[in-house]
Amino acid sequence: MTDKNNNPNMAGGSSDPSSQETGAQRRELPETEQKAEKAGAAAKKKRARAETHGRKTGTTRANEESVWDRLRRDSAAKRGADKKAEKPQPSPEELKKKAERAKHAKLAAVIFVAFFALLISALAIGGYIVTFGATNFPNVYIAGIDVGGMTKEQTRAVLEQNNWDRKVDSVLTVKLPAKVSFKVDYTGSGAKLTADRAVEAAYGYGRDHNWFTNLFRYLLNCLVPVDIDQDVKTLNSEYIRSRINGGLEQLAAATVDKGYKIDRDKKLLTMVKGAGKIRLDETGLYNAVTAALLAGQEETSYSTLAEELTEPDFQKLYSELAVEPADAYFTETFDVVDEVIGCRFNVDTAKKVWEAAGLAEEVKIPLEITYPEVTAEKLRASLYADKLGSQTTYYTWSTANRINNINLAADKINGLIMMPGDVFSFNESIGQRTEEAGFKSAGAYNDGQVVEAIGGGICQVSSTLYCATMFANLKTVSRTNHYFRVDYLDYGLDATVSWTKPDYKFSNNRDYPIKLVAYCDNDEKSLTIEIWGTDVDGSYVTLRHTSEPVYDETYTDTVIGYTVYGYRTVYDADGNYLYELSEPGGVYYLHAESIDWPEEKLSEDEYIGALEQLTRAG
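Here the structure is a predicted model, which is why all the values come from computation and not from measurement.

## Side note on the packing of aromatic side chains
Turning to step 1, where the next piece is worked out: Under the criterion given, the structure shown has 19 aromatic pairs.
Turning to step 2, where the next piece is worked out: On the numbers, 6.1 Å between centres and 85° between planes, the contact of F132 with W211 is edge-to-face. A residue pair is termed long-range when its members are at least 10 positions apart, and F132 in the loop between α4 (92–131) and β1 (140–142) and W211 in helix α9 (residues 211–223) qualify at 79 residues.
Turning to step 3, where the next piece is worked out: Looking at F132, the relative accessible area reads 52%, which means it is exposed.
Turning to step 4, where the next piece is worked out: Relative to Y577, the ring of Y571 has its centre 6.1 Å away and its plane inclined at 75°; by these criteria the two rings are edge-to-face.
Turning to step 5, where the next piece is worked out: When its relative accessible area of 22% is taken as the criterion, Y571 is described as partly exposed.
Turning to step 6, where the next piece is worked out: Within the aromatic cluster, the residues linked to one another by ring pairs are F424, F426, Y466, Y504 and F506.
Turning to step 7, where the next piece is worked out: Over the face of the ring belonging to Y186 we find K192, whose NZ or CZ atom lies 4.8 Å from the ring centre.
Turning to step 8, where the next piece is worked out: The aromatic ring of Y491 is capped on one face by R485, whose charged end is 5.2 Å from the ring centroid.

In structure tokens, the structure reads:
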């Protein structure tokens, strides 16, 4: 049986177009169509059952056919679309050509892979050669010096020819406030290459662990030159910061806060602006230094602060400094209290001067200085500045022992200081005259007799001192004259002493201290005693004495001595008489051989003397 298109009906009576497809065609159907075909067969069987069932139930066939028709139409439409998309089957010739093309393509791929492998190998070999070659890459320069294609030794020789070491031997001077500066070495900082670094940098340029990039750099260098002095320099930040830290330490030391200083001669108060508070911006300083290094500068300055300075409290400073002038004066013990120099300044002026001054510069503030009339120097100079009185006596015919005693006593009072109101005692100052104290036996007066005594001769020292004190117009407290007139001073000018009495005493009745100066000239056989102090008025003293004869009680016409009274007359600096003082008087007896006795006295003495001789003879 055939259908209307004369196609065999393989289903044996079925008119379903799908049954007319060949097995090969069914095999070529996609999985979706196969599922659809199976679904159609299942639907056909279901329809047959439905027809049977419909006859029994009276169900209309039209509805069943409608479901099948829709399914069949959808499947057919899908197959039709797929068939349209399918290409026609190639012919054997086409298949043969296709196989030849595939063979050629495979051969081309093999050739390409082989070529690529050879290229990679060639590049690797080239990269190895340029990486481990003994010379620099081509077109390599060092600061304009061509060292391309040279060995390290050749590079070094070229640098030496161009005086490389001298060219890079330079420093950058960095100036900070307060006239502080420090230097940064160009080669140490890395801003300039040393000869060794330049040689290594030239050879190392373009060489790293990647052979291919090294080859690429080598080829690029053949076209484009490179100057490693600009490209490979790396600054040594550790070195640069160490130099900066050193400079900052210098700045801190130079601007340490020492307070203010007053120059009274120049009438200036000076201080350093920002002393102890100057903190520079270290990051900014580092950037300035590195920029100057890279620019090749010889000098640069930096003064930017990390924080702004605050103005001093000038009002407080004024309160501390401002003072009225005051004279120097003596204490009760005649220590000198220094004078006070008056000082003040204008606060507003000080602020303006401070603002106008530069960082770490001296701020010079004008002062108003007022000097007192009496200075400590003047007071000290006035002490013991004037010789108020002096006396010199001679010991021309004295024995060695007597000279020894005079020298010893003079040494004991030399340099003695007396404050106003002090009383001098000769015996207390000299002490007891003993051999242990260094005194020796010499002639002395004792109750009208000349005897040998320890310390004999020291009365010349007390007498010379008494005379000097009168010239100095010092007050006599206690004084006793000798029994006989001494040969080294006139009447009324001596003062005898003995342990423990009589003693010689005087007081400092002046307003200032006095100092005793006593010295001997053993060549000239002289003793000098001076009294130094402060002459406040220029007054001076002259000495005079009066005398009255002393008569023997029995021979009333015979003079046996003289009663003497001393006087000091005081004059002002212009010689005008001021007043006169009397000194303690006393009797000076004549030596026996100097008395003019009457004849009856002499006959009596001869009789008494003869009687004494007979008595002694027994």
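Additional details are given in the paragraphs that follow.
## Here we look at unusual backbone geometry
Turning to step 1, where the next piece is worked out: A cis amide bond links W499 with the next residue in sequence, T500, at an omega value of 5°.
Turning to step 2, where the next piece is worked out: Among the structural elements, T500 can be located in the loop between β19 (475–478) and β20 (505–507).
Turning to step 3, where the next piece is worked out: A positive phi angle, close to 70°, is found at A360, a residue other than glycine.
Turning to step 4, where the next piece is worked out: With respect to the helices, strands and loops of the structure, A360 is situated in the loop between α14 (347–356) and β12 (362–366).

## Structural notes on the pairing of strand β4 (residues 180–185)
Turning to step 1, where the next piece is worked out: Side chains V180, F182 and V184 project from β4 onto a buried face, and the interleaved S181, K183 and D185 project onto a face without burial.
Turning to step 2, where the next piece is worked out: Two strands pair when backbone bridges link them, and strand β3 (residues 171–176) and β4 are joined in this way by six bridges, in the antiparallel orientation. Paired with T173 across the strands is K183, a residue of β4.
Turning to step 3, where the next piece is worked out: Count of turn residues in the β3/β4 antiparallel hairpin: three residues, of which A178 carries a positive phi of about 65°.

## Digging into the packing of helix α11 (residues 237–254) against helix α12 (residues 282–295)
Turning to step 1, where the next piece is worked out: Contact pair α11 / α12: the axes reach a minimum separation of 11 Å and the direction vectors enclose 120°. In this view, α11 runs oblique relative to α12, as classed from their interaxial angle. Along this stretch, α11 crosses α12, giving a crossing that reads as right-handed. Only E282, L285, Y286, V289, T290 and L293 of α12 make contact with α11, whose side of the interface consists of S237, I240, R241, I244, N245 and L248.
Turning to step 2, where the next piece is worked out: For the contact of α11 with α12, a count of residues per class yields seven nonpolar, three polar and two charged.

## Comments concerning α11
Residues spaced three or four apart along an α-helix face the same direction, because each turn holds 3.6 residues.
Turning to step 1, where the next piece is worked out: Under the 1.5 Å per step criterion, the end-to-end length of α11 is 25 Å for 18 residues, consistent within 8% with the ideal 26 Å.
Turning to step 2, where the next piece is worked out: Looking only at α11, the buried set comprises I240, I244, G247, L248 and L251. Down the axis of α11, the buried side of the element spans an arc of 100°, and every buried residue falls inside it. Exposed side of α11, more than 90 degrees from the buried face: E238, E249 and A253 are the residues found there.
Turning to step 3, where the next piece is worked out: Turning to α11, the residues buried within the fold contact β3, β4, α7 (186–189) and α12.

## Section: the sheet that holds β4
Backbone hydrogen bonds hold the strands of a sheet together, and the pairing may be parallel or antiparallel.
Turning to step 1, where the next piece is worked out: Pairing within the open sheet is mixed, and its three strands lie in the order β4-β3-β8. Each having just a single partner strand, β4 and β8 (299–301) make up the two edges of the open sheet. The average angle at which neighbouring strand axes cross in this sheet is 20°, direction not considered.
Turning to step 2, where the next piece is worked out: Of the pairings in the sheet, the one linking β3 to β8 comprises three bridges and is parallel in character. Note that in β8 the partner of V174 across the bridge is T300.
Turning to step 3, where the next piece is worked out: Across the face of the sheet, α12 comes into contact with β3, β4 and β8 while running at roughly 145° to β3.

## Observations regarding the sheet that holds strand β21 (residues 514–521)
Turning to step 1, where the next piece is worked out: Reading across from one edge, β14-β22-β21-β15 is the order of the four strands in this open sheet, with antiparallel pairing throughout. Two strands lie at the open edges of the sheet, namely β14 (386–394) and β15 (417–418), each paired on one side alone.
Turning to step 2, where the next piece is worked out: Most of the contacts of helix α16 (residues 400–413) go to β21, to which it runs at about 155°, and overall it touches β21 and β22 (526–533).
Turning to step 3, where the next piece is worked out: Of the strands in this sheet, β14, β21 and β22 are in contact with helix α18 (residues 459–471), which crosses β14 at around 145°.

## A closer look at the side chain of T290
Turning to step 1, where the next piece is worked out: Here T290 is to be found in helix α12.
Turning to step 2, where the next piece is worked out: Residues in contact with T290, not counting those within four places in the same chain, are L235 and I240.

## Regarding the confidence of the model for the protein
Turning to step 1, where the next piece is worked out: When pLDDT is averaged along the protein, the result is 84, and 82% of the positions lie at 70 or above.
Turning to step 2, where the next piece is worked out: Here residues 1–29 is modelled with pLDDT under 50, and outside its nearest four sequence neighbours on either side it reaches 30 contacts, counting other chains as well.
Turning to step 3, where the next piece is worked out: Across residues 54–65 the pLDDT falls below 50, and counting only partners more than four positions away or on other chains, this stretch makes three contacts in the model.

## Focus: the pattern of salt bridges
Turning to step 1, where the next piece is worked out: Throughout the structure, instances matching the rule amount to ten salt bridges.
Turning to step 2, where the next piece is worked out: Residue R156 is joined to D196 by a salt bridge in which the shortest nitrogen-to-oxygen separation is 2.7 Å. Pair noted here: R156 is in helix α5 (residues 152–161) and D196 is in helix α8 (residues 195–204), with a separation of 40 residues, a long-range link.
Turning to step 3, where the next piece is worked out: Accessibility expressed as a relative area gives 32% for R156, which makes it partly exposed.
Turning to step 4, where the next piece is worked out: For D196, a relative accessible area of 46% gives the class partly exposed.
Turning to step 5, where the next piece is worked out: The salt bridge involving D338 is made with R380; its shortest N-O contact spans 3.2 Å. Placement of D338 in the loop between β10 (336–337) and β11 (342–344) and of R380 in helix α15 (residues 376–382) is noted, with a sequence separation of 42 residues between them.
Turning to step 6, where the next piece is worked out: Assessed through its relative accessible area of 45%, R380 is described here as partly exposed.

Conventions we followed
- For every chain, the first residue of the written sequence is number 1, and numbering continues from 1 along that sequence.
- Since the coordinates come from a predicted model, pLDDT governs what is reported: local features require at least 70, and pairs of side-chain atoms require 80 or more to be given and counted, while whole-chain, interface and lining totals use all residues.
- Each side-chain value is worked out from all heavy atoms of the structure, with water and hydrogens disregarded.
- Aromatic rings from Phe, Tyr and Trp, with only the six-membered ring used for Trp, were paired whenever their centres fell within 6.5 Å, and each pair was classed as stacked if the ring planes differed by under 30 degrees, edge-to-face if by over 60, and tilted otherwise.
- For the purposes of this entry, the term helix denotes a DSSP run of H or I that reaches at least four residues, the term strand denotes a run of E that reaches at least two, and both are numbered from the N terminus.
- Burial classes follow relative accessibility: with a 1.4 Å probe on protein chains only, a residue under 20% of its type's maximum area counts as buried, one over 50% as exposed, and anything between as partly exposed.
- Charges are assigned to positions over rings by a cutoff of 6 Å between ring centre and Lys NZ or Arg CZ, combined with an angular limit of 35 degrees from the ring normal.
- At least two bridges found by DSSP between two strands are what make those strands a pair.
- Only C-alpha atoms enter the line fits that serve as axes; for helices the fit covers just the stretch in contact. Angles between N-to-C directions range over 0 to 180 degrees.
- Roughly parallel here means an angle under 35 degrees, roughly antiparallel means over 145, roughly perpendicular means 65 to 115, and every remaining angle is called oblique.
- Take the far helix as your reference; a near helix turned counterclockwise from it by less than a right angle gives a left-handed crossing, and one turned clockwise gives a right-handed crossing.
- When checking whether two residues touch, look at their non-hydrogen atoms; a contact exists if any pair is within 4.5 Å.
- Amino acids are sorted into nonpolar (Ala, Val, Leu, Ile, Met, Phe, Trp, Tyr, Cys and Pro), charged (Asp, Glu, Lys and Arg) and polar (every other residue, Gly among them).
- Here, expected helix span is obtained from the residue count minus one, scaled by 1.5 Å.
- This arc is taken over the directions from the axis of the helix to the C-beta atoms.
- pLDDT is defined as a per-residue confidence score from the predictor, taking values between 0 and 100.
- Salt bridge criterion: a side-chain nitrogen from Lys or Arg within 4 Å of a carboxyl oxygen from Asp or Glu.

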